[in-house]
Amino acid sequence: ESPPGNKVASVKQDCACCVPKLTLYDENDSGQLHIEGPCQMCICPSCPCDVEFKVLSASGDHQVGKITKQWSGFIKEAFSDADNFGISFPMDLDVKMKAALIGALFIIDFMFFEQKNDNGKHH
């Protein structure tokens with residue numbers, strides 16, 4: 001538990017042309033992990049396959065986990081707003097970075113898999 005007003009971690013979107021990228025920072029604003037998704041052309045809310053976002057080390061040279069938007073089947077995908085995600089990370093990862101990864105999962109869901117209604121608002 002973090003005392004009120006104390007930052008635990010943060011997630012920031014990196015500037016990238018075609019591939020979604022996020023960086024997870026610790027409470028001292030030091031980059032700890034990177035998340036890299038597939039080409040944005042490949043990210044479609046109704047895509048009949050799993051969509052994987054790689055969790056990379058601080059140096060970005062090796063994969064340490066992943067966030068996956070799991071395909072739920074045509075009926076559920078077509079007639080429900082519910083999405084299923086999976087997340088994996090090292091067991092010994094700092095608990096604050098685990099919390100940041102869960103936050104990043106929600107950001108990914110909102111950015112890429114939530115539909116906008118007629119007035120431009122997400123639902």
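What comes next concerns the included structure.

**Quick look at the sheet that holds strand β1 (residues 9-13)**
(1) Moving on: Strand order across the open sheet formed by 6 strands is β1-β2-β3-β4-β5-β6, with antiparallel pairing between neighbours. Looking along the sheet, the strands with just one partner apiece sit at the ends: β1 and β6 (84-88). Averaged over all neighbouring strand pairs, the angle between strand axes comes to 20°, with direction disregarded.
(2) Moving on: Lying on the sheet, helix α2 (residues 95-113) is in contact with β1, β2 (21-26), β3 (31-36), β4 (51-56), β5 (63-70) and β6; it crosses β2 at an angle near 155°.

**As for the side chain of Thr 23**
(1) Moving on: Positionally, Thr 23 belongs in strand β2.
(2) Moving on: A distance of 2.6 Å separates the side chain of Thr 23 from the side chain of Asp 14, its partner in a polar contact.
(3) Moving on: At 3.2 Å, the side chain of Thr 23 and the side chain of His 34 are in polar contact.

**Things to note about the pattern of salt bridges**
(1) Moving on: Scanning all chains against the criterion turns up 5 salt bridges.
(2) Moving on: Between Lys 69 and Asp 83 there is a salt bridge whose closest N-O contact spans 3.8 Å. Of this pair, Lys 69 sits in strand β5 while Asp 83 sits in the loop between α1 (74-79) and β6, and the two are 14 residues apart along the sequence.

**A few points about unusual backbone geometry**
(1) Moving on: Even without being glycine, Asp 29 reaches a positive phi, approximately 60°.
(2) Moving on: Residue position: Asp 29 is located in the loop between β2 and β3.

**Regarding the packing of aromatic side chains**
(1) Moving on: In this structure the tally under the stated criterion is 3 aromatic pairs.
(2) Moving on: Measuring from centroid to centroid gives 6.4 Å for Phe 53 and Phe 113, while their planes differ by 85°, and the two rings are edge-to-face. Of this pair, Phe 53 sits in strand β4 while Phe 113 sits in helix α2; the two residues are 60 residues apart in sequence, bridging distant segments of the chain. The pair formed by Phe 53 and Phe 113 is uniform in burial state, with each residue classed as buried.
(3) Moving on: Linked through ring pairs, Phe 53, Phe 85, Phe 112 and Phe 113 together constitute an aromatic cluster.
(4) Moving on: Geometry around Tyr 25 places Lys 12 over its ring, the cationic atom sitting 5.0 Å from the centre.

Each value, and the rule that gives it
- Residues numbered from 1 in each chain as written.
- Predicted model: local features only at pLDDT ≥ 70, side-chain atom pairs only at ≥ 80, totals over all residues.
- Heavy atoms only, no water.
- Pairing = 2+ DSSP bridges.
- Helix = DSSP H or I, 4+ residues; strand = E, 2+ residues; numbered from the N terminus.
- Axes fitted to C-alpha atoms, helices over the stretch in contact; angles between N-to-C directions.
- Contact = heavy atoms within 4.5 Å.
- Polar contact = N/O pair within 3.5 Å; in protein donor to acceptor, adjacent residues only side chain to side chain.
- Salt bridge = Lys/Arg side-chain N within 4 Å of Asp/Glu carboxyl O.
- Phe/Tyr/Trp six-rings, centres within 6.5 Å; stacked < 30°, edge-to-face > 60°.
- Buried < 20%, exposed > 50% of the residue type's maximum accessible area, 1.4 Å probe, protein only.
- Lys NZ or Arg CZ within 6 Å of the ring centre and 35° of its normal.

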